[in-house]
Each structure stands twice: as C-alpha cells, then as structure tokens.
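Read off the chains here:
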Amino acid sequence: MRRRRVLALPLALLLAAAAPPVTRSPDSTDLPPLIAPDGQTIGSPHRGGTLRLTADAGAGTADPQINYNSEMISLAVNVYDGLTAFAKRPGDPSNRPVADLAEALPAPEDGGLTYVFHLRPGIRFSDGRIVTVRDVVASFQRIFKVNSPTSGGFYGGLVGADACLKDGAHCTLAGGVVGDDKAGTITFHLTHPDAEFFDKLSFPHAYVLPADTPLHDLGNDAPPGTGPYRIVSYDPNHGMLVERNPFFKVWSAEAQPDGYPDRITYSFGLTDEAQVTATENGDFDYMYDNVPLDRYGELGDRFPDQVHINPLFGTFYLPMNVNLPPFDKLRARQAVNYAVNRLAMQTFYGGPAAATVLCQNVPAGLPGYEPYCPYTRGADFAHPATAWKAPDLALARKLVEESGTKGMHVTLVVPNRAVEVAMGTNLQNMLNAIGYDADVKPIAFAIQFTYIQNTANKVQISLSDWYADYAEPSDFLTALYGCENFHPNSDSSVNISGFCDQTFQDLIHRAALVSVTDKAAGSRLWAQADRYLLQQSAAAPLIQIKKIELVSKRLGNFYTTNLYHLLFSQAWVQ
Amino acid sequence: MSGTSVMPPARGKRVKGPWEVAARTLLRMPSAVASLSILALLVIVSLAAPFYARHVAHTDPFESDVAATVFLHGEDVPVMQPNQNRLHLGLTPIGPTWRPSADLLGADTQGRDVAARLLYGGRNSLLISSCAAILCIVLAAVVGICAGFFGGLVDILLSRLMDVMWAIPVYLFAISLSIVTVSHGLSLGPITIRSDSLILPIAIIALVYVPYAARPIRGRVLSLRQAEFVLAARCLGASRTRILLREILPNVSTTLIVLAPLVMALALLAESALSFLSIGVQSPQASWGTIIEDGQGLIYTRPAVAIAPGLAIVITVLALNVLGDGLRDALDVRETSRRGSP
C-alpha cells in the first residue's frame with residue numbers, strides 16, 4: 001500500500017503465506033495488550049463508551065471493495081470480513097492470514113491451483129440476513145464489476161479473471177469461483193500456483209458483501225458487513241458514526257473479536273497540528289494523521305505515555321527513471337546511491353526513534369531482508385559494509401563523470417509536505433554536489449504520487465514512500481520494479497522507475513515459485529533478487545519508518561497490528 | 001521641470017533647481033533620513049552576506065548539513081540536537097548563540113546558519129522588490145502616459161485593461177501566474193527563463209502592480225495635458241513626441257518617484273508571500289519569505305528562524321513607506337509652493 005492515506009497497488013506473484021517474525025522496536029512504549037478472552041467483551045468493565053477519532057479529511061468512498069485508503073481500511077477491518085483475514089493480534093502474528101468467514105484455511109489441491117473453502121454457517125450481515133455462498137461468489141464478481149483497484153493485481157490469477165478484466169460488467173468468473181449452496185463451499189481455481197493467495201483473500205477488497213449490493217461505487221453509503229460494528233452514517237466533509245452490529249456474534253477470536261466501545265465517531269476537518277492539541281487535551285482518543293515533526297519534542301516531554309511507536313513495513317525511497325537521461329546510465333544511478341545521505345533522511349523524519357537507515361529495497365522484518373550495505377563510504381558489492389556509514393561523494397562524482405552525464409539538469413519531484421520538502425532540499429544539494437544542475441519541484445501531496453508514475457510527465461527522479469499491503473517482499477520488489485507494473489502514460493504505474501529487466505523478472509518469478517514449497521529457499525532467492533536490483537540501482541532506498549501514534553490519556557489497551565495500526569474494536573475508553 | 005522652471009529667479013541669488021530643493025526638503029525630515037539610513041544599512045549588510053558567511057560564520061548557507069557542529073563554550077556542539085525526552089523523538093536545530101562565529105541566530109531544519117541566510121535572503125528580497133518596482137513604474141508610466149495623453153480609444157482600451165487587471169485580487173493574480181511559471185519556467189519564442197530564475201518573480205510582481213501605479217500617472221497626465229505650458233508648446237508647433245518627452249514626462253517624474261518606494265514596499269510583501277508559498281524564490285536560494293517558511297515548523301521550538309526575517313520585512317516596509325511619504329512631501333509641487341509662499 002502506499003502512504004499513510006492512499007494504499008498502494010498490488011501485484012505480487014507467488015510467495016510463502018507466512019512471514020518470519022518482525023523485530024519489535026525496543027523503544028516501543030506499548031504495554032502488553034489485553035486480548036478479550038475468546039474474543040468476547042460482554043461482561044468486561046471496559047465494554048462501552050464512545051471512541052472518538054479525528055482526521056484532517058474524509059476517507060474517500062465508503063465502498064470497501066473500491067476504497068484504497070488506509071484511513072478507511074483501518075476502520076473497515078472492524079466492520080467487514082472476508083473468507084480469510086489477517087489475524088487481529090498485536091504485532092507480528094497480525095501478518096498471518098487466518099480463516100474468517102471460512103471454517104478453515106484449506107489445503108491447496110491440484111498442485112496449488114484449487115482451493116475449497118467451507119463457509120461458516122449462521123453468520124449474519126448487520127441487516128440481519130444470513131451470509132450465503134451466493135454472497136461470496138457475487139462479492140468476487142463485484143470486485144471486477146466495480147473495477148476495484150486491485151482486481152488485476154491481486155485477483156487476476158483466478159480462472160476467468162481475464163475476461164472479467166476486459167468486460168467487468170458481464171463478469172461471471174466462470175470456472176474461477178464456483179459456489180455450492182448445498183455443500184456450503186466456494187471453490188477457487190487459479191491459473192497458476194500462488195503462495196500469496198491467502199494474503200490476497202485477506203485484503204479488504206475481498207470482503208464479503210450481500211449479493212444484491214449495487215454494482216457501482218457506493219459513495220457515502222456503506223453496505224452491510226459482518227464485523228462487530230456497522231457504519232451508520234458517513235459524510236466525508238464532517239464525520240462518520242459507527243455503532244455495534246446487533247447481529248454480530250464471535251466465531252473466531254483471532255479473525256474478528258468483539259469490540260469494546262459501543263460507538264466510534266470520526267471527526268474530519270482539523271489540521272494535524274490541531275489534532276495533536278485536541279488529542280493531548282482529551283477531546284479525541286486517537287488522531288489518524290501523522291504527528292507533525294515540530295510536536296515531537298513536546299510529546300516526548302509532556303505526553304510520553306500517550307505516544308506509541310511501532311514498527312512498520314514502510315519505506316522512503318528515490319525512484320530514478322531508467323528510461324530518461326541522466327538516470328538511463330547505470331553509473332549515474334549508482335552515483336546517487338553512493339551520494340545520498342541516509343542519516344540526514346532519518347534526521348528529517350524525526351531521528352533514530354522514528355526511522356532507521358535502509359540500504360535495501362526490502363525492509364527489515366520481511367523475508368529476503370539481509371542486513372548489509374553496499375552503497376556507503378568504503379564499501380562496494382564485493383565488500384559490503386554491515387551498516388551504512390556515510391555518503392561517498394568522491395566516488396559518486398567519479399561515477400557521474402564516467403557516465404558522461406555531468407552538468408545535466410535534473411529535477412527532483414517531491415510531495416509538498418514539510419518532511420519531504422526538507423528531504424528534497426538535502427537531496428538537491430547532493431545532486432548538485434555530484435555534478436548535476438538540480439532543482440526541486442514540490443507538488444501537492446494529494447497528486448504527487450500519480451504525477452510521478454505517469455511517464456508523460458517525464459519525471460527524472462522523485463521522492464516517494466511505500467507501505468506494504470501485506471508482509472511479503474513481492475510487495476516491494478515485484479510491485480515497484482516488475483515489468484507487469486510498468487504502464488507508460490498511465491497514472492497507475494507504480495513501477496515509477498520504469499525498470500523492466502529480464503534477469504530481474506526471472507529472479508522474482510523463481511523466488512515466488514520456490515516460495516510455494518520452500519519458504520527458506522524462497523527467502524534466499526528474494527534476497528538475491530534484491531541484491532541484483534540494488535546493483536541495477538533503479539532506486540535509492542533511504543529509510544524504513546515507524547508509526548508514531550498519539551492517543552488520549554484515557555485510551556487503554558492500545559492494540560496495534562502491523563498492517564492496520566490501532567485496532568479500534570479493542571481500545572478501551574472506559 | 002518645465003512647469004516650475006518658468007518661474008523667474010530672484011535677482012542676485014543662485015537659482016536652486018527643483019531637485020535640489022526636494023533633496024534639501026527631504027533631508028530636513030528626520031523620519032525620512034532615518035528611513036534612508038535604515039534602507040542603506042540593510043543594503044550594505046545584505047551585500048556583505050558572502051563576507052559574513054565565508055569569513056565570520058565560516059559556513060555555506062545553501063548547503064544542507066544536518067551533521068554539522070559548531071564550536072561553543074570550548075566544545076563541538078551538534079547543530080541538530082536530539083530531544084532529551086523519554087522517547088528521544090525528533091531533533092531540534094540549535095537556537096540563537098548570539099555569537100557570529102557559531103550560528104548567531106541558530107540553525108534551520110537543514111542545519112544552515114539562519115543569520116547568514118537572512119543576509120543572503122535580504123539580497124534577493126531587496127533585489128526582487130527594487131527591480132519589480134522599477135519595472136512596474138516603467139510599465140505603468142508607459143500605460144498611464146499613453147492613456148492620459150492620447151485619450152480617446154487608446155485611453156478607453158488601456159484604462160479598461162487596467163480595470164480588469166485590478167479587479168483580480170493582486171495576490172491571487174500573482175499566485176496564479178507563479179504557479180504556472182514555477183513548474184516549467186517560461187518560454188517566449190527563443191527566450192527561455194528557468195523556473196528558478198529571479199526574473200520570474202520580478203516580472204510577475206511588476207505586472208500585477210501596474211494598474212496600481214498606472215492610475216495616478218494617468219490622472220496626472222490628464223491634468224498636465226490641459227496645463228498652460230503644454231498648450232503653449234502646442235501653439236508653438238511642438239510635435240507630440242516633443243511635448244511628451246520635454247513637457248509631460250518631466251512633470252510626471254515626481255509622481256513616479258513618489259510611487260517608487262510605495263510600490264517597492266508592496267513588491268517586497270508580495271515577494272515574501274510568494275516565496276513563503278514556495279512559488280517565488282526557489283530552493284536552495286533564500287529570501288526572507290523562504291526563511292519564514294523554513295521557520296514555520298520550528299515556530300514552537302526555534303521561533304527566531306521565522307521571527308528574524310519577519311522583522312526584517314516589517315522594518316524594510318516601514319522604512320519604504322515613511323520614505324515614500326517624505327518624498328511625496330518633498331516633491332509635491334503644490335506643497336513646495338505652499339511652503340514657499342509668505
């Protein structure tokens with residue numbers, strides 16, 4: 001996923017379903033969260049009250065199969081369910097898909113091409129209707145009928161998906177998703193084995209909705225779901241009201257536990273600065289937006305108990321357009337990798353407590369991550385350092401000279417937020433220092449990401465961030481550098497570098513295939529792919545960031561998952 | 001000035017030219033002299049920016065260096081200082097040390113010396129505002145004189161054009177033009193102006209204030225056109241060009257001079273606003289507006305970063321306005337006549 005707001009595009013081919021544990025930040029101030037016994041909260045003294053959330057703006061459409069915005073998704077996980085879900089457990093176990101509306105995770109059949117799910121009986125939508133096999137099949141068809149942003153990337157591997165992608169209105173997924181009402185089963189047929197199939201089913205766009213849900217973007221009208229809450233009203237200009245789903249009963253504590261608060265309200269319109277003040281004062285329990293850097297000192301001094309720092313599969317990186325001068329030259333790209341001051345980037349993001357220096361494309365905690373650093377002073381690929389030390393400007397200047405690109409004009413495109421503009425100024429200095437004539441173009445945060453994707457804008461180099469849709473390296477390697485995600489002249493081309501290399505394609509395909517049967521071997525192959533990509537320098541990795549969350553003094557049981565942050569249903573407000 | 005030079009000189013006395021009279025009058029005004037002194041001082045210290053940065057502060061105010069240190073109280077102190085709170089969240093740039101050799105006014109989020117940037121920023125702010133004021137006055141003079149002197153259709157066309165331009169809020173107009181040009185620069189046939197060129201803010205600011213300056217000039221020309229000395233010149237068979245250059249223009253020059261500092265003050269404010277919005281002076285160059293923007297995120301912890309350029313703007317604009325008032329008093333013919341009358 002992309003950014004704190006707009007989640008990213010999918011992709012991803014094959015890989016192991018489970019990920020190794022993520023190292024938990026030693027500076028995390030979280031207390032061990034209390035998980036409701038058996039997922040039940042009835043009888044708990046903490047059950048009840050109103051959880052008050054705030055964000056600077058609304059979260060886009062309330063249609064859960066279309067919205068790709070982390071603000072809405074982090075709320076929707078408490079409202080909707082799919083056949084599978086990422087476990088609602090704190091920390092690392094939350095990376096793992098578990099059975100949700102399905103009774104169990106099925107074993108793959110036909111060499112990984114077929115999965116047969118048994119639907120749990122008796123689960124009701126928030127309007128009282130029973131969830132049926134027909135609802136499940138219709139929901140998967142709807143993904144294509146409403147042109148969900150992940151329809152091709154995540155669900156394009158289903159049999160019949162090709163036809164649906166061409167003609168969504170008449171999508172049947174014939175032979176791809178087959179329901180059997182009598183047996184209560186849904187059978188999925190894939191065109192090729194996919195080790196990330198459960199991850200994709202757990203993604204919010206695969207939520208199960210009633211079969212008669214309108215086949216268009218629902219706008220502000222949220223459809224019924226099966227989770228412990230239902231969205232009662234939503235106005236993107238003002239706020240949202242969420243109340244208990246009267247038909248909810250716990251069927252799986254780790255897939256969908258019951259909620260503590262009786263009501264959740266979302267208020268939109270406050271700036272991030274005002275949100276900090278209001279949350280400090282107890283007017284809100286949680287602010288969605290990132291805490292502005294200038295408030296870090298104040299939070300640390302006066303409100304340390306209300307701040308939670310958690311690891312995140314999120315990175316900042318510098319994609320370089322390999323199809324445009326000067327970065328069509330390998331040495332020019334490598335020069336940037338040697339010259340960039342990663343420690344400065346960490347400083348701009350808030351220092352070591354808020355981010356760590358990153359030398360690879362795959363962030364720490366994911367399969368395929370190896371702690372080494374080839375692009376730092378005194379190191380190279382033959383003799384990589386164990387950690388980043390300092391930029392090597394002399395070598396970078398030499399590489400620029402050798403590339404024949406010295407003196408070229410380079411424009412760096414950055415989002416116009418304070419942190420990114422500060423990073424951009426430093427990067428501009430760096431580009432000038434190694435021999436380019438650089439300027440920085442700050443573009444509105446809301447449009448910068450699509451702007452830098454479109455090749456028509458001829459962006460040479462840009463600053464971007466990227467958050468994982470799920471905890472797999474393919475979400476960073478295949479998504480951002482795979483040929484299948486490079487679409488010239490499109491705003492939806494997350495392979496911003498335009499990197500399309502057959503050797504790399506072979507490596508990631510092999511890594512995905514091997515991961516189906518041997519996760520450890522697959523992990524090594526992902527690492528190999530990452531090394532190759534680093535040598536090709538399609539981008540310069542900068543930092544891996546942490547999520548810094550501010551809550552009210554009264555909020556208890558801070559319960560965060562790696563992908564969706566604070567789990568609202570488990571927060572105590574009384 | 002033709003209009004005043006027809007007065008016969010008193011016998012036996014050296015004739016004082018109108019400029020000399022104006023200069024003497026101006027220098028007798030303490031507020032005007034103080035303003036001139038302040039402006040001169042600002043220009044001098046701004047011109048001394050490279051010297052200050054290189055030989056006093058020993059820094060490059062355009063180079064981002066968050067790992068820099070300054071020598072203070074016998075030790076090297078990091079410019080970016082980790083917050084000493086329980087969470088160790090964030091870093092804060094060093095505050096004012098009041099020592100010219102060690103970040104006199106502190107550092108900004110890039111670790112750059114604010115005092116040095118303030119001086120460099122002053123060069124750009126003063127350069128842009130003065131050039132914009134001159135260009136604006138020249139353009140306004142052409143428009144105002146043509147409209148007032150030729151009258152008729154020329155006057156109608158030019159006056160309505162000025163009305164339309166003036167109907168658009170000045171800052172909105174300037175922001176719109178800046179946004180268009182700041183992304184790709186400006187190409188006019190064979191001439192290409194880069195997006196980071198100072199010519200762009202100069203031209204934009206000058207253009208948006210042309211109606212402000214052109215109106216009084218037109219009014220002055222309209223009255224001068226009916227003046228006796230102009231009628232006399234016409235009767236003597238002087239050509240239009242001669243009348244414009246020898247009779248009208250010299251008499252309009254006082255209006256232009258009085259307008260200049262006022263337009264410069266407005267231009268300085270506009271430049272600061274555009275730069276604050278990142279559509280004026282482009283990074284890594286500095287102006288007082290960009291430094292205020294740099295200090296925006298530090299307003300709680302290091303307010304000096306934003307306050308220092310803010311004060312510089314206030315002082316400069318105040319000095320320009322007071323100077324403009326003084327010039328008006330010194331150059332206004334009616335005022336001079338009144339003061340000279342028994």
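Further up the page is the structure itself.
These figures come from a predicted structure and were not determined experimentally. (Residues numbered from 1 in each chain as written. Chains lettered and ligands numbered in written order. Predicted model: local features only at pLDDT ≥ 70, side-chain atom pairs only at ≥ 80, totals over all residues. Heavy atoms only, no water.)

Asker: Where do I start with the overall build of chain B in this structure?
Answerer: Regarding its fold elements, chain B presents 14 helices and six strands. Projected onto its principal axes, the C-alpha coordinates of chain B cover approximately 85 × 50 × 30 Å. With 342 residues in all, chain B has 47% of them scored as buried. Expressed as a percentage of contacts within chain B between residues at least 6 apart in sequence, the contacts between residues at least 24 apart total 68%. Summed over all atoms, the accessible surface of chain B reaches about 16,900 Å², with 67% contributed by carbon and sulfur. Charge separation in chain B, taken as the distance between the mean sites of 27 positive and 21 negative side-chain charges, equals 15 Å. (Helix = DSSP H or I, 4+ residues; strand = E, 2+ residues; numbered from the N terminus. Buried < 20%, exposed > 50% of the residue type's maximum accessible area, 1.4 Å probe, protein only. Contact = heavy atoms within 4.5 Å. Areas by Shrake-Rupley, 256 points an atom, 1.4 Å probe, with all protein chains shown as cover. Lys, Arg positive; Asp, Glu negative; His and termini not counted. Charge placed at Lys NZ, Arg CZ, Asp CG, Glu CD.)

Asker: Would you take a moment to explain the sheet that holds strand E14 (residues 437–443) of chain A for this structure?
Answerer: As a general point, the strands of a sheet are linked pairwise by backbone hydrogen bonds and lie either parallel or antiparallel. Residues and elements named next belong to chain A. Here we have three strands laid out as an open sheet, ordered E14-E13-E15, and parallel in their pairing. Looking at the sheet topology across the chains shown, the edges are occupied by E14 and strand E15 (461–462). The pairing of strand E13 (residues 409–415) with E14 spans seven bridges and is classified as parallel. Directly across from valine 413, in E14, lies its bridge partner lysine 441. Strands in contact with helix H11 (residues 445–453) are E13, E14 and E15; relative to E13, the strand with the most contacts, it is inclined by about 135 degrees. (Pairing = 2+ DSSP bridges. Axes fitted to C-alpha atoms, helices over the stretch in contact; angles between N-to-C directions.)

Asker: Just to check I follow, could you spell out H11 of chain A for this structure?
Answerer: Side chains of residues three or four places apart in an α-helix project in the same direction, reflecting 3.6 residues per turn. Residues of H11 of chain A that are buried: Phe445, Gln448, Phe449, Tyr451, Ile452 and Gln453 of chain A. Where H11 of chain A is buried, its residues touch E13, E14, E15 and strand E16 (464–467) of chain A together with helix H7 (170–184) of chain B.

Asker: Is there a simple way to think about the pairing of strand E8 (residues 239–244) of chain A in this case?
Answerer: Residues in a regular strand point their side chains to alternate faces of the sheet. All names here are of chain A. Pairing analysis gives six bridges linking strand E7 (residues 229–235) to E8, with the strands arranged antiparallel. Across the sheet, the residue bridging to aspartate 235 is glycine 239, located in E8. Turn length for the E7-E8 hairpin, with the two strands adjacent in sequence and antiparallel, is three residues.

Asker: Would you explain the sheet that holds strand E10 (residues 286–287) of chain A in this entry?
Answerer: Residues and elements named next belong to chain A. One open sheet accounts for five strands, arranged E7-E8-E9-E1-E10; its pairing is mixed. Since the sheet does not close on itself, it has two edges, and those belong to E7 and E10, each with one partner. In this sheet, E10 lies alongside strand E1 (residues 50–55) in parallel orientation, the contact comprising two bridges. Following the sheet pairing, leucine 53 is matched in E10 by tyrosine 286.

Asker: When you look at the packing of aromatic side chains in this model, what are you seeing that I'm missing?
Answerer: Think of a pair of aromatic rings as described by two things: how far the centres are apart, and how the planes are tilted against each other in angle. All names here are of chain A. In total, this model carries 28 aromatic pairs over all chains according to the counting rule given. Between phenylalanine 117 and phenylalanine 198, the aromatic rings sit 6.1 Å apart at their centres with planes inclined by 80 degrees, giving edge-to-face as the arrangement. Linking phenylalanine 117 in strand E4 (residues 114–118) with phenylalanine 198 in helix H4 (residues 197–202), this pair joins segments that are 81 residues apart in sequence. Judged by relative accessible area, phenylalanine 117 falls into the buried class, the value being 0%. Aromatic rings pair up to connect Tyr68, Tyr115, Phe117, Phe140, Phe154, Tyr155, Phe188, Phe197, Phe198, Phe203 and Tyr470 into one cluster. The cationic tip of arginine 531 hangs over the ring face of tyrosine 372; the distance from NZ or CZ to the ring centre is 4.0 Å. (Phe/Tyr/Trp six-rings, centres within 6.5 Å; stacked < 30°, edge-to-face > 60°. Lys NZ or Arg CZ within 6 Å of the ring centre and 35° of its normal.)

Asker: Just checking my understanding: could you explain the packing of helix H3 (residues 30–47) of chain B against helix H13 (residues 304–331) of chain B for this structure?
Answerer: A pair of packed helices is characterised by two quantities: the angle between their axes and the separation of those axes. Residues and elements named next belong to chain B. Two elements in contact, H3 and H13, have axes whose closest approach is 8 Å; the angle formed by their N-to-C orientations is 140 degrees. As the angle between them shows, H3 and H13 are arranged oblique. Note that H3 runs across H13; the crossing there is left-handed. Mapping the contact onto sequence places Ser31, Ala32, Ser35, Leu36, Ile38, Leu39 and Leu42 in H3 and Ile315, Thr316, Ala319, Leu320, Val322, Leu323 and Gly326 in H13. Classifying every residue of the contact of H3 with H13 gives 10 nonpolar, four polar and no charged. (Parallel < 35°, antiparallel > 145°, perpendicular 65-115°, else oblique. Left-handed = near helix turned anticlockwise from the far one by under 90°. Nonpolar A, V, L, I, M, F, W, Y, C, P; charged D, E, K, R; others polar.)

Asker: Any chance you could explain the side chain of asparagine 495 of chain A here in plain terms?
Answerer: Residue and element names in this part refer to chain A. Looking at where asparagine 495 falls in the secondary structure, it is placed in the loop between helix H12 (478–481) and helix H13 (502–517). A polar atom in the side chain of asparagine 495 sits 2.9 Å from the backbone oxygen of glycine 482. Apart from residues lying up to four places away in sequence, asparagine 495 is in contact with Ala479, Leu480, Tyr481, Gly482, Cys483, Asn485 and Phe486. (Polar contact = N/O pair within 3.5 Å; in protein donor to acceptor, adjacent residues only side chain to side chain.)

Asker: In this structure, what is going on with the packing of helix H9 (residues 210–225) of chain B against helix H11 (residues 240–276) of chain B? I would like to understand it.
Answerer: All names here are of chain B. It is the contact of H9 with H11, at a shortest axis distance of 10 Å, that shows an interaxial angle of 160 degrees. Judged by the angle between their axes, H9 and H11 are roughly antiparallel. Crossing handedness for the pair H9 and H11: right-handed. For the pair H9 and H11, the contacting residues are Tyr212, Ala213, Pro216, Ile217, Arg220, Val221, Leu224 and Arg225 in the first and Ile248, Asn251, Val252, Thr254, Thr255, Leu256, Leu259, Leu262, Val263 and Leu266 in the second. Of the residues contributing to the contact of H9 with H11, the split by class is 13 nonpolar, three polar and two charged.

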